[in-house]
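Spelled out, the chains give:
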Amino acid sequence: MTLSDSASERSTGTRYYDGRSAAAHAATLRWSDAFLSIDGMAGELAVWPRARLVVGEPDPEGRITLSCRGEPGRVSMDAAALPARIVPPRMRRRQYLGWLAVGAAASALAFVLVM
Amino acid sequence: MYGIFIKNLLLQIITLGIYRFWTTTNTRRYIWSRMRFQGERFEYTGTGGELFKGFLLAIAILFSAVFAAAILSAILRAVTGSALLGALPPLVLYLVIAVVASGAYFSAQRYRLSRTQWCGIRGGMTGSSVVYGVVALLYGLLCIVTLGQMVPWMSMRLAERRINASSFGSLPFHFEGRARALYAAFLGMFAGVIVLLIVLGAIFVNSFTALVRVGHAPLKGHDPAALAALGSVFLFYLLFTVGALLIRCFYLALVTRHVMGNTTLGSQLRFGSSITAGRLLGMMLGNLAIVVVTLGLGWPIVLHRVVRLAADTLQVSGQLDPQTLAQNDQTPPRTGEGMLNLLDHGSAF
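Just so you know, these numbers come straight off a predicted model, no measurement behind them.

Some words on the overall build of chain A
- From N to C terminus, chain A includes one helix and nine strands.
- Reading chain A from its N terminus to its C terminus gives the helix and strand order β-β-β-β-β-β-β-β-β-α.

What to know about the sheet that holds strand E5 (residues 35–40) of chain A
Residues and elements named next belong to chain A.
- Judged by pairing direction, the sheet is antiparallel, and its three strands sit side by side in the order E4-E5-E6 without closing on themselves. In this open sheet, the two strands that pair with only one neighbour each are strand E4 (28–31) and strand E6 (43–49). With direction set aside, neighbouring strand axes in the sheet form an average angle of 20°.
- As judged from the six bridges shared by E5 and E6, these two strands associate in the antiparallel manner. Residue isoleucine 38 lies in a different strand from E6, and its bridge partner there is alanine 46.

Focus: the interface of chain A and chain B
- Taken together, the contacts link 29 residues of chain A with 29 residues of chain B.
- Among the secondary structure elements, those contributing two or more residues to the side of chain A that touches chain B are strand E1 (2–3) and helix H1 (89–114) of chain A.
- Ranked by the residues each element gives to the side of chain A that touches chain B, the list is headed by H1(A), at seven residues.
- By residue class, the composition of the side of chain A that touches chain B is 15 nonpolar, eight polar and six charged.

Some points on the sheet that holds strand E3 (residues 24–26) of chain A
All names here are of chain A.
- Read from one edge of the open sheet, five strands run E3-E2-E9-E8-E7, paired in antiparallel fashion. Looking along the sheet, the strands with just one partner apiece sit at the ends: E3 and strand E7 (53–55). Between one strand axis and the next, the sheet turns through 30° on average, direction left out of account.
- Sheet topology note: the E7/strand E8 (residues 63–68) ladder contains three bridges and is antiparallel. Within the sheet, the bridge partner assigned to valine 54 lies in E8 and is serine 67.

Thoughts on the UniProt feature "domain: DUF7092" (unreviewed entry) in chain A
- Under the UniProt annotation, "domain: DUF7092" (unreviewed entry) lies at residues 14–69 of chain A.
- Helix makes up 0% of residues 14–69 of chain A and strand 57%, with an end-to-end C-alpha separation of 19 Å.

Quick notes on helix H6 (residues 129–145) of chain B
All names here are of chain B.
- Relative to the 24 Å expected for 17 residues at 1.5 Å per residue, H6 spans 24 Å between its end C-alpha atoms, a close match to the ideal helical length.
- Listing the buried residues of H6 in full gives Ser129, Tyr132, Gly133 and Ala136. Axial view of H6: buried residues confined to an arc of 100°, hence all on one face. Facing away from the buried surface of H6 by more than 90 degrees, the exposed residues are Leu141 and Val145.
- The elements touched by buried residues of H6 are helix H5 (88–114) and helix H7 (151–164).

Quick notes on the nonpolar core
- The biggest cluster of nonpolar side chains holds 36 residues, and the ones touching the most others in it are A:Ile38 and B:Ile121.
- With seven residues, the top contributor of residues to this core is helix H10 (residues 224–261) of chain B.
- Not counting residues up to four positions away in its chain, the partners in contact with B:Ile121 are A:Ala22, B:Phe168, B:Gly169, B:Leu325, B:Gln327 and B:Asn328.
- If you look at the next biggest cluster of nonpolar residues, it comprises 20 residues, including B:Tyr19, B:Val100, B:Ala104 and B:Ala136.

A look at the confidence of the model for chain B
- In this model, chain B carries an average pLDDT of 88, and 95% of its residues clear a pLDDT of 70 or more.
- The complex prediction reports pTM at 0.82, with the ipTM value standing at 0.72.

What to know about unusual backbone geometry
Residues and elements named next belong to chain B.
- Non-glycine residue leucine 16 carries a positive phi angle of around 55°.
- Mapped onto the elements of the fold, leucine 16 is located in the loop between helix H1 (2–14) and helix H2 (20–33).
- For leucine 16, a count of 8 C-beta atoms within 10 Å translates into the label exposed.
- Not every positive phi belongs to a glycine, and cysteine 119 is a case in point at roughly 55°.
- Note that cysteine 119 resides in the loop between strand E3 (116–118) and strand E4 (121–125).

Let's talk about H7(B)
Residue and element names in this part refer to chain B.
- For H7, with 14 residues, the first-to-last C-alpha span of 20 Å sits near the 20 Å given by 1.5 Å per residue.
- If you check which residues of H7 are buried, you get Val151, Pro152, Trp153, Ser155, Met156 and Ile163.
- Of the surrounding secondary structure, the elements contacted by the buried residues of H7 are H6, strand E5 (166–168), strand E6 (171–175), helix H8 (180–203), H10 and strand E7 (263–265).

Things to note about the pairing of E4(A)
Residues and elements named next belong to chain A.
- Of the strand pairs in this sheet, E4 and E5 are connected by four bridges, and their pairing is antiparallel. By the bridge assignment for E5, tryptophan 31 is matched with leucine 36.
- From the end of E4 to the start of E5, which pair antiparallel, there are three residues.

Conventions and cut-offs
Residues numbered from 1 in each chain as written. Chains lettered and ligands numbered in written order. Predicted model: local features only at pLDDT ≥ 70, side-chain atom pairs only at ≥ 80, totals over all residues. Helix = DSSP H or I, 4+ residues; strand = E, 2+ residues; numbered from the N terminus. Pairing = 2+ DSSP bridges. Axes fitted to C-alpha atoms, helices over the stretch in contact; angles between N-to-C directions. Contact = placed C-beta atoms within 7 Å. Nonpolar A, V, L, I, M, F, W, Y, C, P; charged D, E, K, R; others polar. UniProt positions renumbered as here; feature names shortened; annotations may be inferred. Expected span 1.5 Å × (residues − 1). Buried ≥ 20, exposed ≤ 12 C-beta atoms within 10 Å, placed from the backbone. Arc of directions from axis to C-beta. Core = buried A, V, L, I, M, F, W, Y, C linked by C-beta atoms within 7 Å. pLDDT = per-residue confidence, 0-100.

If you want it as structure tokens, here you go:
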């Protein structure tokens, strides 16, 4: 078991895990406006609606896990290969609100400290 | 990590602490995503909302129980006129709280395992947290009766219950502990803590007698004798707590090595630990210094040090075959560790 902060062991390629076994399937992703299609060697492995995609925490190697609410499968891929507009608008709004709250808290804290 | 820490800290301040459930989740996501086994990362899939709902559920259950006990007690007292019978419901309530608090560790482990994924496979747990709580309470009473001498036996039996109920994917964990292997170290720790207590007691005896003289009289702000007595007692408490913790390092390191060294996952993986009392002691003293010097702002460094020590000293032999590791068939809990958040200090990151 290792804890890593560095990108020393970069693993490349997109992998799909079906959630039934831990076996990895080499996968290619096809993005359309509404769906993400995950293709394997033998054909299509899964089709996920983009609105239900969940983007996981990126690791130090720049890889992220992509999942779909209500589906057991997972995709492990380079964060750089993720389309820029993939973050759902709701999540973007939530991030924006989060940082707005942080800004308000910081201002309040600074005000209290100065006074 | 500092970005997460500062954002979490500020959001906790403006939400008056409610954001702590999301803080826990964000920190776990960060830590899990940096742990790797056989080249694959772990993933934490829990949410702050689940933790918050679990907390609200725990509050609702506990308040209902307290309310029911108070009503029942009042009715019993009014009907029978006996204060003894009236005291029965609160007594039962205390027992229930003790059982639930002990069982909370079991259910929290179930939640964390179910939200830990590796290659799309999650962990799980069988068994009842209430049964675990009852057993832990009975073992605790046994420890009190034997003046603490059953602690190694109790910790091994409880660890067996928790570990043997756990699984990852289709593979069960197995642990069989022997208290005999720990007893000599436990006796040494026990004697060490008593010696520390006697030595500190002898040093601070004057402060205690001064405090007895102060008694229950209201403390005056400028009474130097009373303030000095209180300060000394606080110092005694601090020195004893820190000293006892340092003495315990030797025992804790041995327990960790014993538990890890006797745990397996299916027939494929065998665990071990190379942790030593010296490393544990160094980490604890270092962490204490970091927290004190940085006034708590060094918490991310402390967390990193703890997880790094755990990862560095954990040994895993064998190979997990991803082709044969199937999904866990236990139904994951819908809410998380509310009772632990409510009844424990919530130390788990």
